[in-house]
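So the chains spell out like this:
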Amino acid sequence: MKTIKGPGIFLAQFVSAAPPFDSLDGLARWASGLGYVGLQLPTTAGLFDLEKAATSQTYADELKGRLGEAGVEITELSTHIQGQLVAVHPAYDQLFDGFAPEAVRGNPSARTAWATRELKLAAEASRRLGLSAHATFSGALAWPYVYPWPQRPAGLVEEAFAELARRWKPILNAFEDAGVDACFELHPGEDLHDGVTFERFLTAVGNHPRANILYDPSHFVLQALDYLAFLDIYHERVKAFHVKDAELNPSGRSGVYGGYQSWVDRPGRFRSLGDGQVDFSSIFSKMAQYDFPGWAVLEWECALKHPEDGAAEGAPFIANHIIRVTEHAFDDFAQSGADAATNRRLLGIG
């Protein structure tokens, strides 16, 4: 059995124009100083050159070396933005165009082609960096129809997932060639947002071995989904882990859908670690039980607490929850030394 690695931190929410958050080296020193030993790197924040990392082993080795000098290593790369743009329903075209390079805006097919190429580069960059997992989103074609009113026409959802699979199969094949797991963060707004939708996708891609899960319990709290039972069901496909807290406090005025309110006012909102309702002791126990092979990575998103405070509190929180798995059973000392013949005599067998 393996002990989960960490603490790690996802840098996307911390990049800014102010030092030390304006460069990868500055972020690495800052995170290391807080006690983090791993960094999950967004690929769209200007922290490094994705194409160079995918095409130059020298560049990839230098990138790892720079981070190693600061006392940290890369946990995974992230293509959440590019994954989102693999599949965009027309209702969201204008909003999601803002995430894409200017050259492909207003051209959905070109935008999808750009995103697909980025994902394939990320697969190869992950291989050169010696990574085994990758964090991403699935994108969404069916999300506007998540609630069945007006009644969905027969075959609509099936066609959406068939098209999603058509777009993702070449990408998943690239991850297979690279020996890296593509881990979808199951997230509202994505067609893959819970266990059932992940199963639909898995069926559509022929149970592709590289189609896996980034487990983030905060999104399941906001959906009123049993995030512990989820691990019992899907642990074999869980290959990445965001440690993020959340709370759901429905009232007489608002519930799961949130009433279009701001994050501060919503019944369901993300919180800094320890401030929400997630039972992380049970989660880390299940991760140890199921021999999770990866990293415990803080993703900070909180409507109340300052991000630097959330990050400072997050490293010891994760470290204190990591279970160093035992190398032997607690009752090994009491072994009787019985052999096969003794076992037969004990059972009364001839």
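This is a predicted model, so every value here is computed, not measured.

### A word on helix α10 (residues 227-234)
Step number 1: All buried positions along α10 are accounted for by Tyr227, Leu228, Phe230, Leu231 and Tyr234. All buried residues of α10 project into a common sector of 155° when viewed along the axis, lining one side.
Step number 2: Those residues of α10 that are buried are in contact with α8 (195-204), β6 (211-215), α9 (217-221), β7 (238-243) and α11 (280-289).

### Some points on the pattern of salt bridges
Step number 1: Inspection of every chain in the model, using the stated rule, returns 21 salt bridges.
Step number 2: The partner of arginine 111 in a salt bridge is aspartate 93, and the shortest N-O contact between them spans 2.5 Å. In this pair, arginine 111 is assigned in helix α6 (residues 108-128) and aspartate 93 in helix α5 (residues 93-97), connecting sequence segments 18 residues apart.
Step number 3: For arginine 111, a relative accessible area of 2% puts it in the buried group.
Step number 4: When the shortest N-O distance is used, the salt bridge between aspartate 181 and lysine 239 registers 3.6 Å. Of the two residues, aspartate 181 sits in strand β5 (residues 181-185) while lysine 239 sits in strand β7, which places them 58 residues apart along the sequence.
Step number 5: By relative accessible area, aspartate 181 is classed as buried at 10%.
Step number 6: In this structure lysine 239 comes out as partly exposed when scored by relative accessible area, which is 22%.
Step number 7: Here the salt bridges share partners, and the residues they tie into one network are Glu159, Glu163, Arg166 and Arg167.

### Points about the packing of α6 against helix α7 (residues 156-178)
Step number 1: At their nearest, the axes of α6 and α7 sit 8 Å apart, and the two run at 15° to each other. One way to sum up the angle between α6 and α7 is to call them roughly parallel. As for how α6 packs across α7, the hand of that crossing is right-handed. Side by side, α6 and α7 meet where Thr112, Thr116, Leu119, Lys120, Ala123, Glu124 and Arg127 of the first sit next to Arg167, Trp168, Pro170, Ile171, Ala174, Phe175 and Ala178 of the second.

### Remarks on the side chain of histidine 219
Step number 1: Within the secondary structure, histidine 219 sits in helix α9.
Step number 2: Reaching out from histidine 219, the side chain makes a polar contact with the side chain of glutamate 185 at a distance of 2.8 Å.
Step number 3: Every residue in contact with histidine 219, bar those within four places of it in the chain, is listed here: Glu185, Leu186, His187, Pro188, Lys244 and Phe270.

Rules behind the numbers
- Residues numbered from 1 in each chain as written.
- Predicted model: local features only at pLDDT ≥ 70, side-chain atom pairs only at ≥ 80, totals over all residues.
- Heavy atoms only, no water.
- Buried < 20%, exposed > 50% of the residue type's maximum accessible area, 1.4 Å probe, protein only.
- Helix = DSSP H or I, 4+ residues; strand = E, 2+ residues; numbered from the N terminus.
- Arc of directions from axis to C-beta.
- Contact = heavy atoms within 4.5 Å.
- Salt bridge = Lys/Arg side-chain N within 4 Å of Asp/Glu carboxyl O.
- Axes fitted to C-alpha atoms, helices over the stretch in contact; angles between N-to-C directions.
- Parallel < 35°, antiparallel > 145°, perpendicular 65-115°, else oblique.
- Left-handed = near helix turned anticlockwise from the far one by under 90°.
- Polar contact = N/O pair within 3.5 Å; in protein donor to acceptor, adjacent residues only side chain to side chain.

Keep in mind these numbers describe shape, not what the thing actually does.
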